[in-house]
Amino acid sequence: SQQGEEDPQALSIQEGENATMNCSYKTSINNLQWYRQNSGRGLVHLILIRSNEREKHSGRLRVTLDTSKKSSSLLITASRAADTASYFCAEESPTNAGGTSYGKLTFGQGTILTVHP
Amino acid sequence: DTGVSQDPRHKITKRGQNVTFRCDPISEHNRLYWYRQTLGQGPEFLTYFQNEAQLEKSRLLSDRFSAERPKGSFSTLEIQRTEQGDSAMYLCASSLVWGQGGEQYFGPGTRLTVT
């Protein structure tokens, strides 16, 4: 079963506006990743934030991580019509007590973002 | 194009038939993952390989499902005696990491429809 919960389920904005998506998870993590999926390009990795990081930037993307609240947010600034897609958070959790992870991802249900030109 | 390919892209089969999907990961990647995605949901983990060893299987993977990765290169996922509930998109991903995981590169998926 999926652990992540994403909020909102759907978001509709105008081009140039910022879009914020939130993700909550239930267990401890090694890292949390964000992916984008659209019909044209499939599932594409956007950004990875490790459990000891609080904020990370990549171009127009900003990700924050609050391990005390078990939550993360993805901010897309100055959105474009081409950003229209589904966005998923995915947590990578330790596989054993030693903290080793083999890369298994647990995805949330996703946020459908529509950016209107 | 991430460099991960899957074949076929679409498969329509009748209930009770067997199907096999193939995934070709990025050549130097040591880890390969299979996920299943149904409409409106995020991908769900099925199984993964490190080189040729299958290290974990989800309980979603019933005994009708089997996956292999001979020689640590391409992988196949076989579903025997398909059921309508098997209809989904089957995604393959690969990564090159040692120790903790990281970015995964996904293929375009195989959409299975069981009639």
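Up top you'll find the structure we're talking about.
Residues numbered from 1 in each chain as written. Chains lettered and ligands numbered in written order. Predicted model: local features only at pLDDT ≥ 70, side-chain atom pairs only at ≥ 80, totals over all residues. Heavy atoms only, no water.

**A word on the overall build of chain B**
Helix and strand counts for chain B stand at 0 helices and 11 strands. Moving toward the C terminus, one meets the helices and strands of chain B in the order β-β-β-β-β-β-β-β-β-β-β. The C-alpha atoms of chain B give a radius of gyration of 13 Å, which matches the 13 Å a tight globule of 115 residues would have. Taken along its principal axes, the extent of the C-alpha atoms in chain B is 40 × 30 × 25 Å. Looking at chain B as a whole, 49% of its 115 residues qualify as buried. Partitioning the contacts of chain B with sequence separation of at least 6, the portion at a separation of at least 24 is 55%. Of the roughly 5,600 Å² of accessible surface on chain B, a fraction of 45% belongs to carbon and sulfur atoms. For chain B, the distance from the average position of its 14 positive side-chain charges to the average position of its 13 negative side-chain charges is 6 Å. (Helix = DSSP H or I, 4+ residues; strand = E, 2+ residues; numbered from the N terminus. Rg over C-alpha atoms; globule rule 2.2 N^0.38 Å. Buried < 20%, exposed > 50% of the residue type's maximum accessible area, 1.4 Å probe, protein only. Contact = heavy atoms within 4.5 Å. Areas by Shrake-Rupley, 256 points an atom, 1.4 Å probe, with all protein chains shown as cover. Lys, Arg positive; Asp, Glu negative; His and termini not counted. Charge placed at Lys NZ, Arg CZ, Asp CG, Glu CD.)

**Focus on the sheet that holds strand β1 (residues 5-7) of chain A**
All names here are of chain A. Strands sit in the order β1-β3-β8-β7-β6 across an open sheet of 5 strands; the sheet is antiparallel. Two strands close off the open sheet at either side, each with one partner strand: β1 and β6 (55-58). For this sheet, the mean inter-axis angle between neighbouring strands, taken without regard to orientation, is 15°. Across 6 bridges, strand β7 (residues 61-66) lies against strand β8 (residues 71-76) in antiparallel orientation. By the bridge assignment for β8, Leu61 is matched with Ile76. (Pairing = 2+ DSSP bridges. Axes fitted to C-alpha atoms, helices over the stretch in contact; angles between N-to-C directions.)

**Overview of the sheet that holds strand β7 (residues 65-68) of chain B**
Residues and elements named next belong to chain B. In spatial order, the strands read β1-β3-β8-β7; together these 4 strands make up an open sheet with antiparallel pairing. The two strands at the open ends of the sheet, each matched to only one other strand, are β1 (5-7) and β7. Averaged over all neighbouring strand pairs, the angle between strand axes comes to 15°, with direction disregarded. In this structure, strand β3 (residues 19-24) lies alongside strand β8 (residues 75-79), joined through 5 bridges in antiparallel fashion. Residue pairing across strands places Val19 opposite Ile79, the latter belonging to β8.

**Notes on the interface of chain A and chain B**
Contact residues are listed per partner, giving 22 residues for chain A and 20 residues for chain B. Carbon and sulfur atoms supply 47% of the area that chain A and chain B bury against each other, a total of about 1,800 Å² over both sides. Linking chain A with chain B are 1 salt bridge, by the criterion used here. A salt bridge links Lys104 of chain A to Glu56 of chain B; its shortest N-O distance comes to 3.3 Å. (Buried area = accessible area lost by both parts, 1.4 Å probe. Salt bridge = Lys/Arg side-chain N within 4 Å of Asp/Glu carboxyl O.)

**Some words on the nonpolar core**
By size, the foremost hydrophobic cluster in this structure holds 22 residues, and its most contacted members are Leu32, Trp34, Leu74, Ile76, Tyr87 and Leu113 of chain A. Elements supplying a minimum of two residues to this core: β2 (10-14), β3 (19-24), β4 (31-38), β5 (42-50), β7, β8, β9 (85-92) and β11 (111-116) of chain A. Apart from residues lying up to four places away in sequence, Leu113 of chain A is in contact with Leu11, Ile13, Ala19, Met21, Ile76, Asp83, Thr84, Ala85 and Tyr87 of chain A. By size, the runner-up hydrophobic cluster in this structure holds 19 residues, among which are Val4, Leu32, Ile79 and Leu112 of chain B. (Core = buried A, V, L, I, M, F, W, Y, C linked by side-chain atoms within 4.5 Å.)

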